[in-house]
Amino acid sequence: MASRRHGSGASKASDIVSGVPTGASEGTSSASHAYRSPVDPPIRDPTAYAFTDHFLDRVTQPGRYMTFDAVREAIIHGQLRWNTTDGWRFAYTDAGVRYVVVVEDTETPSPVVVTGWTEVVDSETARAASRFDETDVETIELRSALSDRSDERIPGEIRPREVDRPFTVGNHRVRTTAGDGSVVCTDCGGRFRSKATLTTRHCR
Ligand SMILES: [Zn+2]
């Protein structure tokens, strides 16, 4: 069965498993869990997954654009990737935006969605999509820039961004105006240029 196809080979970093059929979870009975290992591809049945508090916290945060619908689509149709540090991820792209869903405990009968985020992969398509407005796309791009180099100050990447609806990073709710090399918290007034300071400095 599909879950046995990628044995030791899947332990290599960035081994991309493609072509796993949508119906791969069919026939996966609870009995088969006994033979699963962490490197076996996770099942594609969204109803089998529970959510961690960490994920539930994020799915409701303004400006993350992760939704339960996106999780379901990612698990059923997304590209499956194995990463030696994070384990399995589903990646699903729609309207120019990639939804990345990280899962754990996939070798057990109780797999969980641990975290998820969005990335703009095609800015033009995302901006043209009816579900996103300009601020949405700017928010996703700014959040990615902050996360990609979380320990660095990135005023040059913040400066062109215009985000007038606050989005949550750490426990701050930040926004920025074009020409400003910082994000500003609407609650505490703090100015930040890196994700590291946003996540370590308390609000108010
Ligand atoms: Zn704050």
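### Remarks on the overall build of the protein chain
When helices and strands are counted, the protein chain shows six helices and ten strands. Taking all 204 residues of the protein chain together, the buried fraction comes to 30%. Counting only contacts in the protein chain whose residues sit at least 6 apart along the sequence, the fraction spanning at least 24 positions is 51%.

### Digging into the environment of Tyr99
With respect to the helices and strands, Tyr99 occurs in strand 5 (residues 97-104). Residues Tyr99 and Thr118 lie 19 residues apart in sequence; the distance between their C-alpha atoms is 4.7 Å. Apart from residues no more than four positions distant in its own chain, Tyr99 is found in contact with Met66, Ala70, Ala74, Tyr92, Gly116 and Thr118.

### Digging into the sheet that holds strand 9 (residues 183-185)
Read from one edge to the other, the open sheet built from four strands follows the order 7-8-9-10, with strand pairing classed as antiparallel. Strands at the two margins of the open sheet, each flanked by one partner only, are strand 7 (163-169) and strand 10 (191-192). Summarising the sheet, strand 7 and strand 8 (residues 172-176) pair through four bridges and their orientation is antiparallel. When the bridges of strand 8 are listed, Val169 appears paired with His172.

### Here's the deal with the nonpolar core
By size, the foremost hydrophobic cluster in this structure holds 25 residues, and its most contacted members are Ala74, Tyr99, Val101 and Val103. Among the elements of the structure, helix 2 (68-77), strand 3 (79-83), strand 4 (87-94), strand 5, strand 6 (112-120) and helix 4 (134-148) are those that each provide at least two residues to this core. Per element, the largest residue contribution to this core is six residues, and it comes from strand 5. The contacts of Val101, once residues within four sequence positions are left out, are Val71, Ala74, Ile75, Arg89, Phe90, Val113 and Gly116. Ranked by size, the runner-up nonpolar core spans eleven residues in total, among them Leu142, Val163, Phe167 and Cys185.

### Section: the pairing of strand 6
Direction of pairing for strand 2 (residues 50-51) relative to strand 6: parallel, over a ladder of two bridges. Bridge pairing in strand 6 places Phe51 opposite Val113. As paired elements, strand 5 and strand 6 share eight bridges and run antiparallel to each other. Bridge pairing links Arg98 to Glu119 in strand 6.

### Here's the deal with helix 4
Between its first and last C-alpha atoms helix 4 spans 21 Å; for 15 residues at 1.5 Å apiece the expected length is 21 Å, and the two agree. Those residues of helix 4 not exposed but buried are Asp136, Val137, Glu138, Thr139, Ile140, Leu142, Arg143 and Leu146. The secondary structure elements touched by the buried residues of helix 4 are strand 5, strand 6, helix 3 (123-128), helix 5 (155-158), strand 7 and helix 6 (195-200).

### Here we look at the environment of Trp117
With respect to the element layout, Trp117 can be found in strand 6. On a C-alpha basis, the gap between Trp117 and Val100 in space is 5.4 Å, while along the polypeptide they are 17 residues apart.

### So, unusual backbone geometry
Look at Ala95: it is not a glycine, yet its phi comes out positive at around 50°. Classification of Ala95 as partly exposed rests on a count of 14 C-beta atoms within 10 Å. Phi at Asp105 takes a positive value of approximately 55°, unusual for a residue other than glycine.

### Notes on helix 2
Of the residues making up helix 2, those classed as buried are Ala70, Val71, Ala74 and Ile75. On an axial view of helix 2, the arc spanned by its buried residues comes to 130°, and they lie on one face. Packed against the buried residues of helix 2 are strand 4, strand 5 and strand 6.

Thresholds applied
- Residues numbered from 1 in each chain as written.
- Predicted model: local features only at pLDDT ≥ 70, side-chain atom pairs only at ≥ 80, totals over all residues.
- Helix = DSSP H or I, 4+ residues; strand = E, 2+ residues; numbered from the N terminus.
- Buried ≥ 20, exposed ≤ 12 C-beta atoms within 10 Å, placed from the backbone.
- Contact = placed C-beta atoms within 7 Å.
- Pairing = 2+ DSSP bridges.
- Core = buried A, V, L, I, M, F, W, Y, C linked by C-beta atoms within 7 Å.
- Expected span 1.5 Å × (residues − 1).
- Arc of directions from axis to C-beta.

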